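# Topology and contacts: notes
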Amino acid sequence: MTQQETDRRVRSIAIVGGGTAGWMSAAAISKFFGRSIDVVLIESEEIGIIGVGEATVPHLSTFNHQLEIDEAEFVRQVQGTFKLGIQFNDWGKIGDSYIHGFGTIGRDLGLMPFHQYWLKARAQGQAKDISEYSLNTRAAPLGKFMSPPSDAPPNSPLAEIAYAYHFDAVSYARFLRRYAEDRGARRIEGKVVAVNQNGETGFVESVELESGQLISADLFLDCTGFRALLIEGTLNAGFEDWTHWLPVDRALVVPCEKVGPPTPYTRSTAHKAGWQFRIPLQHRTGNGHIYSSQFSTEEEAAEILLNTLDGPALADPKLLRFTTGKLRKLWDRNVIAIGLAGGFLEPLESTAIYLIQSGINRLMKLFPTADCDPVLQDIYNRQANFEYERIRDFIVLHYHATERDDTEFWNYVRTMSVSDELKSNIDLFRANGQFFRNGEELFGLTSWVEVMLGQGIYPQTYHPAVDWVSNADMLALVSHVEKVIASNVQLMPQHEDFIERCCSSRSPQFEVRARHKF
Ligand SMILES: Cc1cc2nc3c(=O)[nH]c(=O)nc-3n(C[C@H](O)[C@H](O)[C@H](O)COP(=O)(O)OP(=O)(O)OC[C@H]3O[C@@H](n4cnc5c(N)ncnc54)[C@H](O)[C@@H]3O)c2cc1C
């Protein structure tokens, strides 16, 4: 490398904001670049963090692995619990309930995924509900959980239990702060009051704190949450408003006392103009009513929330305002928006922390020199747009595929226009149960199948390739899978007992003789 090229290397990164986005970024950069890059994180205690964001998707364990974070220690520090999926109540119609579980459904055979054989068996009245054929959806309502035991044979459902976490967002930021500081990241307390740009390039050169201190860097990560202070406030990257598809714009959040053992799933209950989450932690339960201010007043929303808590509220409800959508450019000049600064879809499928993680991963892969090659920016932005749009459509599916017609809100979302891609996914599934994952979109076959069926979209027929197996063999497969899932679920401990064991000491794993396999 020539001297000139060496000089263009990024030597310093300033991360503005110390919420989940800021500290995840600081932890990852300090881990992967060590002390070769100067990492400074600026945050303001006076402004604070949003402090919600307590449910995740399974990919977070990959982030933990990459950072060599010990799972038991992590769960202990963040008062965490485990998550096998999300229970959706009253979504397709009032009284409905289904679980979107992680992992797989049954066992595929030949060219066809298992649910195609299930569709044929179901048409003959020979199949149970789809939830009986997946370990996650069967174990979750029984309150059972375990991580894959070390002695599970590779083709046992226990060997591949897919799970995520629920955690306390404030403890998580604290946990990552310690991690990042131990690896050389420096934290500066203060409020950014001005952002200084280069007169020619428009690149951000420094941020100025209330104290007058100037902080310069080659690269800036805007992790300032909904404020988007650098990327939008200064660079005007432009915001794409997705209210048409996702009209919710308010959240009333309140913690309540924990009542009973924590469930190994998030609960999402649809209401008149939105929905409510319940997230079980070790020490309390997180709750939030997400609703549309076009269709509900704050008073109505608060009344619904407070009347449906599991236990006594531990604080007054806090109101958060947001607009669903994302920036047109998540990377503009030398500023990259990570977290809420880049956009927010809404928390229905717990995807915001995943989007932080994938933004960090993308940055690592496309890591620039200090001149931030526009080609890299363009790739970054195209990939991010694709990812946000595909997640958006998956979330929209929950609202749009409904029979609910009891309020103006549900009439709106049921009849609104949706993207061509979502429409085609629904039409294809309705015809013969097929789904094709588009590139590296986050949600795959299991998710789409479970949510389509859960929302009441039943295919008219099954894929003809299923007929290569004799009817008797097809029925035997469906029945065998059901029995294997049932016997494996029986072996699983209660979620609370698992937490007690796995997070009170680093060593023990449940000893399970996982004899039952596919
Ligand atoms: C109701 C609700 C529920 C959610 N639930 C989930 C969920 O279940 N799962 C999930 O994955 N995500 C969820 N999210 C999203 C999740 O909360 C966020 O993605 C996550 O917390 C990251 O937030 P952040 O770090 O981008 O912003 P914040 O937490 O808001 O942090 C912003 C930081 O910027 C700092 N800052 C701002 N302005 C300045 C300034 N001028 N000077 C210095 N510092 C400044 C603040 O002090 C703070 O440190 C939810 C969001 C909402 C609104």
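Report on the accompanying structure.

Basis of the calculations
- Within any chain, residue numbers begin from 1 and follow the written order of that chain's sequence.
- In keeping with the predicted nature of the model, local features appear solely for residues at pLDDT of at least 70, side-chain atom pairs appear and are counted solely at 80 or more, and the whole-chain, interface and lining totals rest on all residues.
- Hydrogens and water molecules were not included; the side-chain quantities draw on all heavy atoms of the structure.
- The criterion for a residue being near a molecule or strand is simple. One of its heavy atoms has to lie within 4 Å of it.
- We call two N or O atoms a polar contact when they sit within 3.5 Å, provided that within protein one can donate a hydrogen and the other can accept it, with sequence-adjacent residues counted only if both atoms are side-chain atoms.
- Surface accessibility follows the Shrake-Rupley procedure with a 1.4 Å probe radius. Residue values consider only the protein chains on display as shielding.
- Secondary structure elements are defined from DSSP: runs of H or I of at least 4 residues count as helices, runs of E of at least 2 residues count as strands, and each element is numbered from the N terminus.
- Classification used: nonpolar for Ala, Val, Leu, Ile, Met, Phe, Trp, Tyr, Cys and Pro, charged for Asp, Glu, Lys and Arg, polar for all others including Gly.
- Strand pairing follows a simple DSSP-based rule, namely that at least 2 bridges must link the two strands.
- As defined here, a cavity is a set of points on a 1 Å grid over the protein atoms alone where a 1.4 Å probe fits but cannot get out. A pocket is an open set with protein on both sides within 12 Å along at least five of seven lines, and residues line them when an atom is within 4 Å of a point.
- Grid points are joined across faces, edges and corners, and a volume is the space filled by probe spheres set on the points.
- Angles shown run from 0 to 180 degrees and are taken between the N-to-C directions of axes, each axis being a line fitted to C-alpha atoms and, for helices, limited to the stretch in contact.
- Three labels apply to residues, based on accessible area from a 1.4 Å probe with only protein chains included: buried if under 20% of the type maximum, exposed if over 50%, partly exposed otherwise in between.
- In this analysis, a patch consists of residues with relative accessible area above 30% that form no salt bridge, clustered at 9 Å for like charges and at 5 Å for the nonpolar side chains Val, Leu, Ile, Met, Phe, Trp and Tyr.
- The salt bridge definition used is simple: a Lys or Arg side-chain nitrogen within 4 Å of an Asp or Glu carboxyl oxygen.
- In summary, the charge assignment counts Lys and Arg as positive and Asp and Glu as negative, without counting His or the chain termini.
- Throughout, a charge is located at the NZ atom of Lys, the CZ atom of Arg, the CG atom of Asp or the CD atom of Glu.
- Centres within 6.5 Å are what make two rings of Phe, Tyr or Trp a pair, Trp counting through its six-membered ring; a difference in plane orientation under 30 degrees is then read as stacked, over 60 as edge-to-face, and the rest as tilted.
- Whether a charge sits over a ring depends on NZ of Lys or CZ of Arg being within 6 Å of the ring centre and within 35 degrees of the ring normal.

### Brief notes about the site of the ligand
Residues in close proximity to the ligand total 35 residues, the closest being Gly-18, Val-52, Ala-55, Val-192 and Ile-353. Contact distances for the ligand include 3.4 Å between an oxygen atom and a backbone N or O atom of Ala-352. Protein chains shield 97% of the accessible area of the ligand, which is 1,000 Å² for the free molecule. Mapped by element, the contributors of at least two residues to the shell around the ligand are α2 (20-33), β13 (250-256) and α9 (352-365). It is α9 that contributes the most residues to the shell around the ligand, three residues altogether. For the shell around the ligand, the class distribution of residues is 19 nonpolar, twelve polar and four charged.

### So, the sheet that holds strand β1 (residues 12-16)
Taking strand neighbours across the sheet as the criterion, the six strands line up as β7-β2-β1-β11-β20-β19 in an open arrangement whose pairing is mixed. With one partner strand each, in any of the chains shown, β7 (186-189) and β19 (331-332) form the two edges of the open sheet. Bridge count for strand β11 (residues 219-222) against strand β20 (residues 335-337) is three bridges, and the pairing is parallel. Each residue of the ladder has a partner; that of Asp-222, found in β20, is Ala-337.

### Focus: the layout of surface pockets
Estimated volume of the second largest pocket: approximately 450 Å³. For the second largest pocket, the lining is made up of 15 residues, of which Tyr-354, Ser-358, Arg-362, Glu-387 and Glu-440 are closest to its centre. Within the residue set of the lining of the second largest pocket, elements represented by two or more residues are α3 (60-66), α9 and α10 (374-400). The element that contributes the greatest number of residues to the lining of the second largest pocket is α9, accounting for six residues. Considering only residue class, the lining of the second largest pocket consists of three nonpolar, seven polar and five charged.

### Let's talk about the sheet that holds strand β9 (residues 204-209)
One open sheet accounts for three strands, arranged β8-β9-β10; its pairing is antiparallel. Both edges of this open sheet fall to β8 (192-197) and β10 (214-216), since each of them pairs with a single strand only. Put simply, the sheet's adjacent strands are angled 25° from each other on average, direction ignored. Direction of pairing for β8 relative to β9: antiparallel, over a ladder of five bridges. Considered in β9, the bridge of Ala-194 is made with Glu-208.

### Points about empty space enclosed by the protein
Throughout the structure, instances matching the rule amount to one cavity of 30 Å³ or more. What the largest cavity holds in volume is close to 70 Å³. Considering the residues around the largest cavity, the lining is formed by 13 residues, among which Leu-330, Leu-355, Gly-359, Tyr-380 and Tyr-388 are closest to the centre. Ranked by the residues each element gives to the lining of the largest cavity, the list is headed by α9, at five residues.

### As for unusual backbone geometry
Positive phi values are uncommon outside glycine, yet Gln-79 reaches one of about 55°. Classification of Gln-79 by relative accessible area gives partly exposed; the value is 27%. Here Arg-333, not a glycine, exhibits a phi torsion of approximately 50°, which is positive.

### Regarding a negative patch on the surface
Where like charges cluster on the molecular surface, the negative patch consists of Glu-298, Glu-299, Glu-300 and Glu-303. Positionally, Glu-299 belongs in helix α8 (residues 298-307). For Glu-299, a relative accessible area of 58% gives the class exposed.

### Quick look at the packing of aromatic side chains
The final tally for this structure, using the stated rule, is 32 aromatic pairs. Judged by centre distance (5.2 Å) and plane angle (20°), the rings of Phe-88 and Tyr-98 are stacked. In this pair, Phe-88 is assigned in strand β4 (residues 85-89) and Tyr-98 in strand β5 (residues 97-101), connecting sequence segments ten residues apart. There is no split in this pair, since Phe-88 and Tyr-98 are both buried. When the ring of Trp-91 is compared with that of Trp-410, the centres are 5.6 Å apart and the planes differ by 90°; the resulting orientation is edge-to-face. With a gap of 319 residues between them, Trp-91 in the loop between β4 and β5 and Trp-410 in helix α11 (residues 408-415) connect regions that are remote in the sequence. The exposure class of Trp-91 is buried, given its relative accessible area of 0%. Put simply, the rings of Phe-74, Phe-82, Phe-145, Tyr-163, Tyr-165, Phe-167, Tyr-172, Phe-175 and Phe-498 touch in pairs and so form one group of aromatic residues. The residue whose ring lies beneath Arg-392 is Trp-245, and the NZ or CZ to ring-centre distance is 4.1 Å.

Geometric values such as these leave the question of function open.
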